[in-house]
Amino acid sequence: MLFEEFKQLAQTRRSIRDFSEESVTVCDVEDIIDCARYAPSDTNSQTWEFIAIMNRDKIKEIERMTWNQLHILAEAAEKKGLVREAKMLLKSFGPYATAFSHAPVLIVCLSTPYASKFRERIFDPLEFGNEVIWADESLKSSSLAIQNMMLAAHSKGLATCPLSGPVLLAEQALRDYLSISEEKALNMVVALGHPAVQPKTMMRKTVSEILTFIE
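Residues numbered from 1 in each chain as written. Predicted model: local features only at pLDDT ≥ 70, side-chain atom pairs only at ≥ 80, totals over all residues. Heavy atoms only, no water.

1. Notes on the overall build of the chain
Line of reasoning, step 1. On a plain count of helices and strands, the chain comes out with eight helices and four strands.
Line of reasoning, step 2. For the chain, the sequential pattern of α-helices and β-strands runs α-α-β-α-α-β-α-α-β-α-β-α.
Line of reasoning, step 3. Its C-alpha atoms put the chain at 50 × 45 × 40 Å along the principal axes.
Line of reasoning, step 4. Burial analysis of the chain (215 residues in total) assigns 38% to the buried set. (Helix = DSSP H or I, 4+ residues; strand = E, 2+ residues; numbered from the N terminus. Buried < 20%, exposed > 50% of the residue type's maximum accessible area, 1.4 Å probe, protein only.)

As structure tokens, then:
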């Protein structure tokens with residue numbers, strides 16, 4: 001691939017929240033996960049797993065669980081006198097948190113426990129680091145795989161939208177519903193489908209705003 005081709009791919013990928021009724025094939029899902037697994041990871045730990053939900057009723061159930069927790073939070077906020085914030089939570093954040101509801105596929109992205117020869121042979125004997133640090137290492141690698149996955153989907157003409165709402169709001173309910181063990185962290189969910197809209201061009205910071213050279 002030429003650089004200009006990749007640049008075009010990276011610059012035209014957008015988060016899409018409106019999907020058509022067209023289904024996504026199992027082959028397409030397998031193809032993009034195949035690309036995800038070639039992402040870099042700390043000491044090749046490959047701390048990622050994916051659950052692809054292709055049943056629309058199950059996706060709607062996850063939406064219901066998320067809205068349920070949103071309403072619980074809003075009710076608690078109202079009791080504290082935060083009426084405005086409660087309304088904003090439901091009206092503004094709610095649609096973003098549940099923007100996966102009409103997608104034909106919902107991919108639940110997990111990070112698995114970090115294991116490394118460096119941790120086992122060096123860091124643990126030296127009592128360097130803690131479980132929070134190693135959990136962060138797992139999430140970092142998992143996130144790299146997710147970006148690979150979304151770019152691969154875009155190259156196929158598919159749309160994606162990464163979301164943390166169901167994880168932030170209904171993590172335990174989601175774990176119970178999908179039988180996800182406690183040792184695996186829920187990173188995010190990614191809605192996948194055929195786009196029903198043309199994405200708008202979003203403003204980005206310039207290279208000079210985010211890059212510092214040190215000579």
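Resuming the write-up.
2. A short note on the packing of helix α2 (residues 26-36) against helix α6 (residues 131-155)
Line of reasoning, step 1. Two elements in contact, α2 and α6, have axes whose closest approach is 7 Å; the angle formed by their N-to-C orientations is 140°. In terms of axis orientation, α2 runs oblique to α6. As for the relative orientation of α2 and α6, their crossing is right-handed in sense. Where α2 abuts α6, its residues Ile 32, Ile 33, Cys 35 and Ala 36 lie against Ala 145, Asn 148, Met 149, Ala 152 and Ala 153.
Line of reasoning, step 2. Looking at side-chain class alone, the contact of α2 with α6 contains eight nonpolar, one polar and no charged residues. (Axes fitted to C-alpha atoms, helices over the stretch in contact; angles between N-to-C directions. Parallel < 35°, antiparallel > 145°, perpendicular 65-115°, else oblique. Left-handed = near helix turned anticlockwise from the far one by under 90°. Contact = heavy atoms within 4.5 Å. Nonpolar A, V, L, I, M, F, W, Y, C, P; charged D, E, K, R; others polar.)

3. A word on the environment of Ser 142
Line of reasoning, step 1. Tracing the backbone shows Ser 142 in helix α6.
Line of reasoning, step 2. When its relative accessible area of 0% is taken as the criterion, Ser 142 is described as buried.
Line of reasoning, step 3. Along the backbone, Ser 142 and Ala 185 are 43 residues apart, and their C-alpha atoms lie at a distance of 10.0 Å.
Line of reasoning, step 4. Ignoring any residue separated from it by four or fewer positions in sequence, one finds Ser 142 in contact with Thr 47, Trp 48, Leu 110, Ser 111 and Asn 187.
Line of reasoning, step 5. At 3.2 Å, the side chain of Ser 142 and the backbone oxygen of Leu 110 are in polar contact. (Polar contact = N/O pair within 3.5 Å; in protein donor to acceptor, adjacent residues only side chain to side chain.)

4. Quick word on helix α7 (residues 165-178)
Each turn of an α-helix holds 3.6 residues, which means side chains three or four residues apart point in the same direction.
Line of reasoning, step 1. Compared with the 20 Å implied by 1.5 Å per residue over 14 residues, the 16 Å span of α7 between its first and last C-alpha is markedly short.
Line of reasoning, step 2. Its maximal kink placed at Glu 171, α7 deviates by approximately 95°.
Line of reasoning, step 3. Within α7, the full set of buried residues consists of Gly 165, Pro 166, Val 167, Leu 169, Ala 170, Leu 174, Arg 175 and Leu 178.
Line of reasoning, step 4. Those residues of α7 that are buried lie in contact with β1 (49-53), α3 (56-79), α4 (83-97), β2 (105-111), β3 (159-163) and β4 (185-193).
Line of reasoning, step 5. At the exit of α7 stands Ser 179, carrying a positive phi of roughly 55°. (Expected span 1.5 Å × (residues − 1). Bend = angle between axes of the 7 residues up to and from the residue.)

5. Structural notes on the nonpolar core
Line of reasoning, step 1. Core analysis: the biggest nonpolar cluster contains 23 residues, and Ile 53, Ile 62, Phe 100, Leu 106, Val 108, Leu 163 and Ala 191 have the highest contact counts within it.
Line of reasoning, step 2. Those elements that place two or more of their residues in this core are α3, β2, β3, α7 and β4.
Line of reasoning, step 3. A total of four residues in this core trace back to one element, the largest contributor, which is α7.
Line of reasoning, step 4. Every residue in contact with Phe 100, bar those within four places of it in the chain, is listed here: Ile 59, Ile 62, Glu 63, Thr 66, Leu 106, Leu 163, Pro 166 and Ala 191.
Line of reasoning, step 5. Core analysis: the second largest hydrophobic core is formed by 19 residues, Ala 36, Trp 48, Ile 146 and Ala 153 among them. (Core = buried A, V, L, I, M, F, W, Y, C linked by side-chain atoms within 4.5 Å.)

6. Section: the pairing of β2
Regular strands place their side chains on alternate faces of the sheet.
Line of reasoning, step 1. With respect to burial, β2 is a largely interior element, seven of its seven residues being buried.
Line of reasoning, step 2. The alternating pattern of β2 places Val 105, Ile 107, Cys 109 and Ser 111 on one face and Leu 106, Val 108 and Leu 110 on the opposite face, and all of these are buried.
Line of reasoning, step 3. With five bridges connecting them, β1 and β2 associate as antiparallel partners. Each bridged residue has a counterpart across the sheet, and for Ala 52 the counterpart in β2 is Ile 107. (Pairing = 2+ DSSP bridges.)

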